[in-house]
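Fold and geometry: a report
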Amino acid sequence: MKENRREIVNDSMQALHALAKLMPQLHAQCSLADMLETISRALGASLAWVSVNGDDGLQRVVCAGEMTCHPFEVADFLADTLLQRHPRSWRVVYWKENIGRALFPHQHPGYAQLQSGVLCKLSTHNWHCSGYFFLAFNERLYSLPILKNIVVVLVEKLKDYFAEIIAREKTAQEMKRVVTQYKTLFERAPVLMNSFDKFNRCVLWNAECEKVFGWTMAEIADHADPLSLFYPDPEERRRVRESVNVSPLKDMYEWHPLRKDGTPLTVLWSNILLPDNSILNIGLDITERKKAEQQLEVKATTDDLTGCYNRSAILQQLELALEANARQEVNSHFCVLMFDLDFFKQINDEWGHPVGDAALLHFCNSVRELVPSDSALGRVGGEEFLLLLAQTDGKGAAQLSARLRTVLETNPLIVDERKLSLSFSAGVVEVCGEQQDTSALLRRADKALYEAKQTGRGKTVVAADYL
């Protein structure tokens with residue numbers, strides 16, 4: 001190898017043959033490191049490097065050969081060389097000996113090992129210096145002008161390649177950076193992101209999906225039908241597949257998949273059709289938000305003490321029932337019962353307000369145990385309640401009222417081993433036929449209730465006489 005190197009750099013003819021053999025191996029499809037490795041191997045150099053000025057003002061250094069050379073060593077070497085020479089006075093400079101001392105610190109193996117070297121500017125078409133090309137050898141070379149000419153020819157051949165390769169590698173690095181960013185975004189985004197292919201196999205499953213659903217991508221891949229893990233109902237599963245594979249939904253729609261532990265979730269899903277015709281599913285887990293909304297809705301319509309509808313909510317239920325009745329919908333007739341607990345002020349005065357509150361709750365629980373599920377009970381005043389009984393006439397309402405009295409008598413409220421029997425008065429209005437005005441209906445019920453209280457309390461009056 002050593003003799004071959006001497007022949008190449010000391011003999012012009014050998015140099016031409018070496019260049020002719022070397023040139024076809026150098027092309028822009030190579031990486032810069034591979035190109036330098038090919039040059040150093042063909043010429044017998046121990047070290048080859050290129051330092052190129054980037055668009056961002058930073059120098060990029062690529063090295064090859066037996067030696068290891070760090071960019072900061074290249075930067076120091078170039079700085080010392082440029083200080084010693086006028087920038088326009090040279091294109092190629094060479095060292096006959098001790099180049100290692102100029103390039104490396106004394107503890108570096110190359111400090112004593114490297115001898116001859118050559119440095120050449122990389123110039124653009126306007127002679128602006130765009131970088132430097134360097135070769136170094138372990139032994140002293142005696143015909144360095146031949147080596148100088150070899151390097152000049154190489155640089156002329158390769159300077160455009162260098163720029164193209166560096167631009168390509170810079171683009172590749174940028175693409176890698178972008179891919180890394182998007183991968184990080186995909187993995188760490190606080191939204192659900194996944195994708196299933198046309199064979200129903202999961203091909204994307206980010207960390208948020210694993211966190212929310214409890215399944216890993218490997219566990220999903222082992223399942224014959226992954227969607228059945230989240231949607232056990234076949235009909236719902238069919239609709240999910242249709243929304244994803246047949247007509248992707250651009251807007252956010254609400255679905256209710258199951259967690260691994262069987263807990264139902266509320267998720268907003270949207271589907272994005274990608275350029276390769278695959279579909280990316282993006283979702284937001286709104287389970288907790290939905291629960292909070294439901295709790296707020298319940299709180300807004302529920303009486304805190306008794307758990308039945310509050311005044312505004314029961315009146316709204318009454319309006320809905322009247323609208324259905326006005327449209328003469330099937331089984332739209334209903335009855336309104338207005339209750340008032342008898343002697344409730346005396347209960348508060350004698351037993352205390354906590355017992356009064358317990359009495360109200362006891363009364364409501366007793367009503368709820370008797371009435372059908374499609375009825376509606378609401379508190380409209382302190383001890384006054386409104387009950388809507390669907391598909392019930394006045395007679396049926398009076399019968400239910402009688403059963404309620406029996407229940408309250410046989411199951412009194414127990415307070416410190418004392419029994420408190422509750423009594424109530426009630427007014428009933430039967431609603432059927434023509435549309436009724438809410439205020440007028442309530443006045444009729446209240447008038448019937450007043451009649452019940454005026455005639456001895458503890459009774460129910462049907463408002464037939466007040467139509």
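In this text, all values refer to a predicted model and were calculated from it rather than measured experimentally.

A full pass over the atoms with the stated rule returns 13 aromatic pairs. Aromatic side chains Trp 49 and Phe 77 sit 6.2 Å apart centroid to centroid with 85° between the ring planes, which places their arrangement in the edge-to-face category. Residue Trp 49 is found in strand E1 (residues 47–53), and its partner Phe 77 is found in helix H4 (residues 71–84); the two are separated by 28 residues along the sequence. Grouping residues by exposure puts Trp 49 and Phe 77 together as buried.

The strand order across the open sheet formed by five strands is E2-E1-E5-E4-E3, and the pairing between neighbours is antiparallel. Since the sheet does not close on itself, it has two edges, and those belong to strand E2 (59–65) and strand E3 (92–95), each with one partner. The mean inter-strand angle of the sheet, taken between neighbouring strand axes irrespective of direction, is 15°. Helix H3 (residues 32–43) rests against E1, E2 and strand E5 (129–136) of the sheet, and its axis sits at about 40° to E2. Taken strand by strand, H4 contacts E1, E2, E3, strand E4 (117–123) and E5, and its axis lies near 75° from that of E1.

A word on the sheet that holds strand E7 (residues 202–205). Pairing between the strands of a sheet comes from backbone hydrogen bonds, and it takes one of two forms, parallel or antiparallel. The strand order E7-E6-E10-E9-E8 describes an open sheet built from five strands, whose pairing is antiparallel. On the outer flanks of this sheet lie E7 and strand E8 (253–255), each paired with one strand and no other. For this sheet, the mean angle separating the axes of adjacent strands, direction not counted, is 30°. Judged from the three bridges that link them, strand E6 (residues 192–196) and strand E10 (residues 279–285) form a sheet pairing that is antiparallel. In the sheet register, Met 193 faces E10, and the bridge partner there is Ile 282.

Analysis parameters
Residues numbered from 1 in each chain as written. Predicted model: local features only at pLDDT ≥ 70, side-chain atom pairs only at ≥ 80, totals over all residues. Heavy atoms only, no water. Phe/Tyr/Trp six-rings, centres within 6.5 Å; stacked < 30°, edge-to-face > 60°. Helix = DSSP H or I, 4+ residues; strand = E, 2+ residues; numbered from the N terminus. Buried < 20%, exposed > 50% of the residue type's maximum accessible area, 1.4 Å probe, protein only. Pairing = 2+ DSSP bridges. Axes fitted to C-alpha atoms, helices over the stretch in contact; angles between N-to-C directions. Contact = heavy atoms within 4.5 Å.

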